[in-house]
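# Breakdown of the fold
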Amino acid sequence: MRDRVRLRRPQRVTLHSWAFHQLGQFVAYKATRAGIALVHVDPAYTSQGCSACGHIAKANRPNQTTFRCTSCGLAEHADVNAARNIATRGVADWAAVSLPNAA
């Protein structure tokens, strides 16, 4: 469907992103139903940030598949680096959610 349909940009965004939103809703529904806590992680800059030192720069991504930190020199596959960043944020968000309020 994505290859066959020709639409204006705003319509393309709606068409191409609805399935991922719906998938997120399904996962949230199933997790709630099973009693599993769900933590949403902001994916912003996860592909540009270094999982070792935290340095964020566009230059860290010389191409689509490679990640090379301009600060510490870490080099690895871009998806692996982004997955580590998402996991780290998930752990941090989980700790913030699971701690009782100090008030």
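Note that this is a predicted model, so its numbers are computed, not measured.

Within the protein, the regular secondary structure consists of two helices and two strands. Secondary structure elements in the protein, listed N-terminal to C-terminal, are α-β-β-α. Counting the 103 residues in the protein, one finds 17% classified as buried. Pairs at least 24 residues apart make up 32% of the contacts formed inside the protein by residues separated by at least 6 positions. Of the roughly 8000 Å² that the protein leaves accessible, carbon and sulfur atoms contribute 58%.

Another point: the side chain of Asn85. Here Asn85 shows up in helix α2 (residues 78-98). Exposure remark for Asn85: the relative accessible area of 10% places this residue in the buried category. Ignoring sequence-local partners within four residues, the contact set of Asn85 consists of Thr46, Gly49, Cys50 and Ser51.

Let us look at the pattern of salt bridges. Counted by the stated rule, this structure contains one salt bridge. Across the pair Arg84 and Glu76 runs a salt bridge, and its minimum N-O distance is 2.4 Å. On the basis of relative accessible area, Arg84 is assigned to the partly exposed category, the value being 43%.

On the surface, a nonpolar cluster with roughly 250 Å² of combined accessible area is contributed by Leu23, Val27 and Leu38. Here Leu23 is to be found in helix α1 (residues 9-34).

Moving on: unusual backbone geometry. Positive phi outside glycine occurs at Tyr45, with the angle close to 65°. Mapped onto the secondary structure, Tyr45 falls in the loop between α1 and β1 (66-68). Among the residues examined, Tyr45 registers a relative accessible area of 54% and is labelled exposed.

Criteria and cut-off values
Residues numbered from 1 in each chain as written. Predicted model: local features only at pLDDT ≥ 70, side-chain atom pairs only at ≥ 80, totals over all residues. Heavy atoms only, no water. Helix = DSSP H or I, 4+ residues; strand = E, 2+ residues; numbered from the N terminus. Buried < 20%, exposed > 50% of the residue type's maximum accessible area, 1.4 Å probe, protein only. Contact = heavy atoms within 4.5 Å. Areas by Shrake-Rupley, 256 points an atom, 1.4 Å probe, with all protein chains shown as cover. Salt bridge = Lys/Arg side-chain N within 4 Å of Asp/Glu carboxyl O. Patch = residues over 30% accessible without salt bridge, like charges linked within 9 Å, V, L, I, M, F, W, Y side chains within 5 Å.

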